[in-house]
Amino acid sequence: MRQNITRYSVLEMIEKFISFDTTSRESNLPLIHFVRDYLEQFGITCELIYNPQSSKANLLVIIGPHTEKHQEKGILLSGHSDTVPIDDQNWTVDPFKLTQKGGHLYGRGTSDMKSFLAICTALAPEFSDLNLSEPIYIAMSYDEELGCLGVSSLIDHLIQSHGRPRLCVVGEPTEMEVLIAHKGVNVFETTIVGREAHSSQIDSGASAIMAAGKLISFLNDLADEMRERGDPTNVFERDGYTSINVGLINGGTALNIIPKTCKFHWEYRHLPGTDPNEIIDRFNIYTNDSVLPVLWRTAPEASIETTTVIQYEGLHPAPTSYATDLALYCAGRKKPITAAFGTEAGLFQSADIPTVVCGPASIAQAHRPDEFISVDQVEACVSFLHKLVRNFV
């Protein structure tokens, strides 16, 4: 019966993946169910790990022999199924229909990072026909774009049910370079509540926007300090410092009203191996010692609250690990690279799974209108995976 099953080619599978709208605000279940149903036709085991609302799911695909939980065998190919939205972007092609022109494949998620997962899915039946000595796992997570929210339950399920693989390859876009280190991500929302008053009566009110200005100025000074401090490990060739950015701010009612409220969103991306809490700790000290007391002079009810929106660890460098050496060999590269953007790789590494990032396409195309991947990059990824899997036959 398996001989009559239609196999999707790599390009056909990418086209199929792009056709599913898995923007993070939407459910990814239609895509996940499609992959499960397709692969189970070939006798491949698929396990779903749902979110608490059962509206989204991670998918763990197991190809080849099953192992005892205490054994460290096999390789894990991992990526996220969700994408960022297309809102307010000027696309010249349909973002949910694969368009091929000029050696490029256009569509939302082509670079970040459905192409990698589609390639893995298309090759899975071929891999299942091999006499594998160790399992090949494919992991598809949900809500990575919202802060790597789904992958933790997938990692827990993998370790508890199957054990740790020898290595993990996260297929984020690196143009098939082998990335061994990236920064951690920390996102916060700060809300200031002061007191409204007529703008001519300055001493009767407490300006939330002026307080926000002090806090943002403090963050700007911290950013300069971090840039000067640089990278104590000398691992990062570019962007070798902890960066700070304030991305959104909103406050006030009218020009002649002292603003009661102001809210801003900010982030820092810390170097792996540095204290992930230094900046937020110093920010909170400055808030409590220098900014709140000024508000309380005229508005004892004033408050400043900072909440954590996203926080996950970076990928720590392991230049001479088995994972790095094997990935470099299969990718045909001489040395690894580093990057400033974040991935789920640090979470796998934190679970004692040696991890690298290596995937097709360029991060420069991610999150943009007319996102694309080159056909050459697709072919390079296929070649990489073939070489990788041959080490486990």
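Computed from a prediction, not measured in an experiment: that's the story for all the values here.

Peer 1: I keep staring at the packing of aromatic side chains and nothing clicks. Help me out?
Peer 2: The relative placement of two aromatic rings is captured by the distance of their centres and the angle of their planes. Across all of its chains, the model carries 11 aromatic pairs by this definition. Taken together, a centroid distance of 5.2 Å and an interplanar angle of 65° make the contact between Tyr38 and Phe42 edge-to-face. Ring centres 4.3 Å apart and planes at 5° place the aromatic pair Phe218 and Tyr286 in the stacked group. Highlighted residues: Phe218 in helix H5 (residues 208-229) and Tyr286 in helix H6 (residues 278-298), separated in sequence by 68 residues.

Peer 1: What is the right way to look at the nonpolar core in this model?
Peer 2: When a protein is soluble and globular, its nonpolar side chains tend to lie buried together. If you look at the biggest cluster of nonpolar residues, it comprises 61 residues, and the most contacted ones within it are Ile14, Phe17, Ile63, Ile119, Phe384, Leu385 and Leu388. Broken down by element, the residue count for this core peaks at nine residues, all from helix H3 (residues 114-128). Once residues lying within four places of it in the same chain are set aside, the contact partners of Phe384 are Val169, Met176, Ala327, Cys330, Ala331 and Cys358. Of all hydrophobic cores here, the second largest spans 28 residues; its members include Val185, Leu315, Ala345 and Val357.

Peer 1: Sorry, what's going on with unusual backbone geometry here?
Peer 2: Across the junction of Asp112 and Met113, the peptide omega takes the value -15°, indicating a cis bond. Even without being a glycine, Asp239 presents a positive backbone phi close to 50°. Looking at the secondary structure, you find Asp239 in the loop between H5 and strand S11 (243-251). Classification of Asp239 by relative accessible area gives partly exposed; the value is 40%. For His367, which is not a glycine, the phi torsion comes out positive at approximately 70°.

Peer 1: When you look at the pattern of salt bridges in this model, what are you seeing that I'm missing?
Peer 2: Pairing is possible between side chains that carry opposite charge, provided their charged atoms lie close to one another. Across all of its chains, the model carries 14 salt bridges by this definition. Lys56 is the partner of Asp143 in a salt bridge, and the nearest nitrogen-oxygen pair spans 2.5 Å. Separated by 87 residues along the polypeptide, Asp143 in the loop between strand S6 (136-141) and helix H4 (151-162) and Lys56 in the loop between strand S1 (45-50) and strand S2 (57-63) bring together distant segments of the chain. Exposure remark for Lys56: the relative accessible area of 10% places this residue in the buried category. Taken together, the shared-partner salt bridges connect Glu225, Arg229, Glu278 and Arg282 into one network.

Here is what the cut-offs are and how they apply
- Residues numbered from 1 in each chain as written.
- Predicted model: local features only at pLDDT ≥ 70, side-chain atom pairs only at ≥ 80, totals over all residues.
- Heavy atoms only, no water.
- Phe/Tyr/Trp six-rings, centres within 6.5 Å; stacked < 30°, edge-to-face > 60°.
- Helix = DSSP H or I, 4+ residues; strand = E, 2+ residues; numbered from the N terminus.
- Core = buried A, V, L, I, M, F, W, Y, C linked by side-chain atoms within 4.5 Å.
- Buried < 20%, exposed > 50% of the residue type's maximum accessible area, 1.4 Å probe, protein only.
- Contact = heavy atoms within 4.5 Å.
- Salt bridge = Lys/Arg side-chain N within 4 Å of Asp/Glu carboxyl O.

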